[in-house]
Amino acid sequence: MKEDRHAIEVEDLVVAYGDKVVLDRVSFSVRPGEIFVILGGSGSGKTTLLRTLVGLMRPRSGRIAIHGQNLTAMSDEQQMEIRRKIGMCFQGAALLGSLSVADNVALPLREHTRLEESTIDIMTRIKLELVGLGGAGELLPSELSGGMRKRAGIARAMAMDPEIIFYDEPSAGLDPIVAAGIDELIRNLRSTFSLTSVVVTHEMESVRLIADRVCMLHRGRVAGIGTLAELEGSDDPYIRDFLTRRPAESDADETEWARSLTAVD
Amino acid sequence: MIVVVGRLGRWALRQLGAVLGVSVLIVETVYWLTVAPLKGRGFRWRSAVEHFVEYGVRSLPIVGMICFLIGVIIALQASYTLDRWGANRFIADLVAVSALRELAPLMTAILIAGRCGSAITAEIGTMKVNEELDALTVMGVHPVKYLAAPKLLAMATAVPSVTVIAMLIMIVGGWVSSVLVVGVEPEIYLAQTTGAIVEKDLVTGMVKSLFFGLVICLVGVYRGFRVDGGAEGVGRETTASVVVAIFLIIVVDLVFTVLFYYL
Ligand SMILES: Nc1ncnc2c1ncn2[C@@H]1O[C@H](COP(=O)(O)OP(=O)(O)OP(=O)(O)O)[C@@H](O)[C@H]1O
Ligand SMILES: [Mg+2]
């Protein structure tokens, strides 16, 4: 069956803010249990793609299927059901500032299950141990460092034992050692739970460490999909420039593109 | 001329958009407050109680203080006129009627709008800026269920509750200055007060304050969800939230006064 082969299928996805088309006919599929990296420069539409995949934005056209179920044809109600099977780690972690770290992790459990408070306590502690925050449960998000906040966000995304997890720039803005720690956590979670992981990033270092396959976005289009080695062998000049971190030969073009997106009419 | 028409048109469209937005919010909130709990989708009772304490109990000191002083002031002002006719005993009637019908509900609502309406907008707006609302949605928790529904129930009960106490305190304030300063006999003041209070005034005051509570909460929540563009966005909407809430409170007051006493 098709839905056994693909955890996520995206077909001809078009997403726009008003008249500005930010994603143009994007298609790819993610296999169960793989770490799928979405790579692209600033403004290439990575965050927009992730937000559309989790249902925070409605695409203009195209199809998104999660485990074979068509997300785009669903009512909000049905989407809410699907969302219990997915976890998302936001770029800024997006922990609720008024709740302790432990309460943040417990929130989905309290909202969606009728478990005893003592059971929720234990499950919360397990999730926090999992991400290496065993002793930090009582702290408020504002008392955490950036890396710890990311870990807490991951613990919360893991609370309902999701089958798919999305990370938006998990290692951006962290020092190299902490960032490497997060990369390792992403790999460990995948191997422990055979968790399908979709990671948005623009850091080549982490791509090398974690990616099974990479989808390269450029100006809202898929420039290439494949293993890192396959992409490195690509003859697309943009992909090669990006992977080898060379300044784009066509810099004027980039500014032009940015302007066309931000143009006010 | 064309420019003026264009401006007016755009303004009207914006207002229409706001009305639509608020209507959607009201429908969703009412759903999460009534239908959803019956369908077993839960209601955050603990949050509602916590907010009741915040909006109601914690507002009591400032509301009590101000309403007491207003009671004192109205009595003194009234005496200035009534004294000439030797009618000081009617201070009690004036204080009781204005407290019940107008001043206690209005002062309570305005103070709670300033204290809590702005806080609601700031809280929700900050959450929106930090993507916390998106995080809730992705976790399958509807932000209206999590944030708006408990607040609305808390506000709809807190404002009337505080208003009743404010009415009482205002009458006490009037009693204090009439008896101590103007020299009205305490028993006479009491008798006049009980004679002046009619059930209708109490009921209309309470009905109004219920709607004031709904207005404060809905404006606060709506403005919070509308925040856009970082910290300045939060500041802008927070200020607007209080101003709009107070304006709407006065409008609602006017509407109910006409409904209750002139129709
Ligand atoms: N709320 C919005 N309204 C209008 N346009 C937007 C909005 N958010 C993003 N855009 C546009 O969409 C484009 C893609 O944005 P997106 O945030 O998806 O990029 P990104 O790849 O995540 O970039 P970055 O690496 O900088 O986070 C941007 O160039 C921007 O102009
Ligand atoms: Mg981004």
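Residues numbered from 1 in each chain as written. Chains lettered and ligands numbered in written order. Predicted model: local features only at pLDDT ≥ 70, side-chain atom pairs only at ≥ 80, totals over all residues. Heavy atoms only, no water.

Caption draft 1: Summary view of the overall build of chain A. The helix and strand tally for chain A stands at eleven helices and ten strands. Its C-alpha radius of gyration of 19 Å places chain A within 12% of the 18 Å reference for a compact globule of 265 residues. Structurally, chain A occupies a C-alpha span of about 60 × 40 × 40 Å along its principal axes. Residues counted as buried form 51% of the 265 residues belonging to chain A. (Helix = DSSP H or I, 4+ residues; strand = E, 2+ residues; numbered from the N terminus. Rg over C-alpha atoms; globule rule 2.2 N^0.38 Å. Buried < 20%, exposed > 50% of the residue type's maximum accessible area, 1.4 Å probe, protein only.)

Caption draft 2: Focus on the pairing of strand 10 (residues 221-226) of chain A. All names here are of chain A. The pairing of strand 9 (residues 213-218) with strand 10 spans five bridges and is classified as antiparallel. Within strand 10, the residue paired with His 218 across the bridge is Arg 221. Linkage of strand 9 to strand 10, two consecutive antiparallel strands, is achieved through a turn of two residues, within which Arg 219 is found at a positive phi near 50°. (Pairing = 2+ DSSP bridges.)

Caption draft 3: Just the nonpolar core, in detail. Ranked by internal contacts, the top residues of the largest apolar core, which has 100 residues, are A:Ile8, A:Phe28, A:Leu53, A:Phe166, B:Leu136 and B:Met155. For this core, the leading source of residues is helix 4 (residues 91-129) of chain B, giving 16 residues. Sequence-distant contacts of B:Leu136, defined by excluding residues within four places in its chain, comprise A:Leu96, A:Leu107, B:Met127, B:Val141, B:Pro143, B:Tyr146 and B:Leu147. If you look at the next biggest cluster of nonpolar residues, it comprises 41 residues, including A:Leu133, A:Leu174, A:Ile186 and A:Leu189. (Core = buried A, V, L, I, M, F, W, Y, C linked by side-chain atoms within 4.5 Å. Contact = heavy atoms within 4.5 Å.)

Caption draft 4: Summary view of the sheet that holds strand 7 (residues 164-168) of chain A. Residue and element names in this part refer to chain A. One open sheet holds the six strands; their spatial order is 6-7-8-3-9-10, and the pairing between them is mixed. Looking at which strands have only one partner, the edges of the open sheet turn out to be strand 6 (86-89) and strand 10. Neighbour-to-neighbour, the strand axes of this sheet turn through a mean angle of 15°, independent of strand direction. Examined bridge by bridge, strand 7 and strand 8 (residues 196-201) share five bridges and lie parallel to one another. Residue pairing across strands places Asp 168 opposite Val 200, the latter belonging to strand 8. Lying over the sheet, helix 7 (residues 176-193) contacts strand 3 (35-40), strand 7 and strand 8, oriented at roughly 145° with respect to strand 3. (Axes fitted to C-alpha atoms, helices over the stretch in contact; angles between N-to-C directions.)

Caption draft 5: Region of interest: the interface of chain A and chain B. Tallying the contact residues gives 21 residues for chain A and 19 residues for chain B. It is A:Met80, A:Leu96 and A:Glu111 in chain A that bury the most area against chain B; as a group they hold 30% of the surface buried on that side. Between the two partners, chain A and chain B, sit four salt bridges. A:Glu111 is the partner of B:Arg44 in a salt bridge, and the nearest nitrogen-oxygen pair spans 3.7 Å. Viewed at the interface, chain B and chain A are joined by four residue pairs in polar contact (both at pLDDT 80 or more). Counting residues per element, the ones that place at least two in the side of chain A that touches chain B are helix 3 (76-83) and helix 4 (101-112) of chain A. Here the element with the most residues in the side of chain A that touches chain B is helix 4 of chain A; it accounts for four residues. (Buried area = accessible area lost by both parts, 1.4 Å probe. Salt bridge = Lys/Arg side-chain N within 4 Å of Asp/Glu carboxyl O. Polar contact = N/O pair within 3.5 Å; in protein donor to acceptor, adjacent residues only side chain to side chain.)

Caption draft 6: Just the sheet that holds strand 5 (residues 69-70) of chain A, in detail. All names here are of chain A. Read across the open sheet, the four strands follow the order 2-1-4-5; overall the sheet is antiparallel. Two strands close off the open sheet at either side, each with one partner strand: strand 2 (20-30) and strand 5. Where strand 1 (residues 8-17) lies against strand 2, seven bridges are found, and the strand directions are antiparallel. The residue bridging Ile 8 from the neighbouring strand is Val 30, located in strand 2. Packing of helix 2 (residues 46-53) onto the sheet brings it into contact with strand 1, strand 2 and strand 4 (61-66), and relative to strand 1 it is tilted by some 120°.

Caption draft 7: Region of interest: the pattern of salt bridges. Following the criterion strictly, the structure yields 23 salt bridges over all chains and no others. A salt bridge links B:Asp134 to A:Arg51; the shortest N-O distance between them is 2.8 Å. Taken together, the residues span two chains, with B:Asp134 in helix 5 (residues 132-138) and A:Arg51 in helix 2. Taking the relative accessible area as the measure of exposure, B:Asp134 reaches 18% and is therefore buried. On the basis of relative accessible area, A:Arg51 is assigned to the buried category, the value being 16%. When the shortest N-O distance is used, the salt bridge between B:Asp253 and B:Lys208 registers 2.8 Å. Linking B:Asp253 in helix 9 (residues 230-261) with B:Lys208 in helix 8 (residues 199-226), this pair joins segments that are 45 residues apart in sequence. Given the relative accessible area of 7%, B:Asp253 is considered buried. Look at B:Lys208 and you get buried, because its relative accessible area is 3%. When salt bridges with common partners are traced through the structure, they connect A:Glu9, A:Glu11 and A:Arg63 into a single cluster.

Caption draft 8: Quick look at the packing of aromatic side chains. All names here are of chain A. Applying the stated rule across the entire model yields six aromatic pairs over all chains. Seen from their ring centres, Tyr 238 and Phe 242 are 6.0 Å apart, and the 50° between their planes marks the pair as tilted. Remark: Phe 242 and Tyr 238 occur in helix 10 (residues 237-243); sequence separation between them is four residues, near one turn of the helix. On the accessibility criterion, Phe 242 (16% relative accessible area) is buried. (Phe/Tyr/Trp six-rings, centres within 6.5 Å; stacked < 30°, edge-to-face > 60°.)

Caption draft 9: View of unusual backbone geometry. Residue and element names in this part refer to chain A. Despite not being glycine, Asp 12 shows a phi value in the positive range, around 50°. Turning to its location among the elements, Asp 12 is positioned in strand 1. The phi dihedral of Ser 194 is positive, around 35°, even though this residue is not glycine. Looking at the secondary structure, you find Ser 194 in the loop between helix 7 and strand 8. Classification of Ser 194 by relative accessible area gives exposed; the value is 54%.

Caption draft 10: Representation of the pairing of strand 3 of chain A. Residue and element names in this part refer to chain A. Most of strand 3 is tucked away: six of the six residues are buried. Burial along strand 3 is two-sided: the face carrying Ile 35, Val 37 and Leu 39 and the face carrying Phe 36, Ile 38 and Gly 40 are both buried. The pairing of strand 3 with strand 8 spans five bridges and is parallel. Each residue of the ladder has a partner; that of Val 37, found in strand 8, is Val 199. Two elements, strand 3 and strand 9, share five bridges in a ladder whose sense is parallel. Counterpart to Leu 39 in the pairing with strand 9 is Met 216.

So yeah, pure geometry; function would need other evidence.
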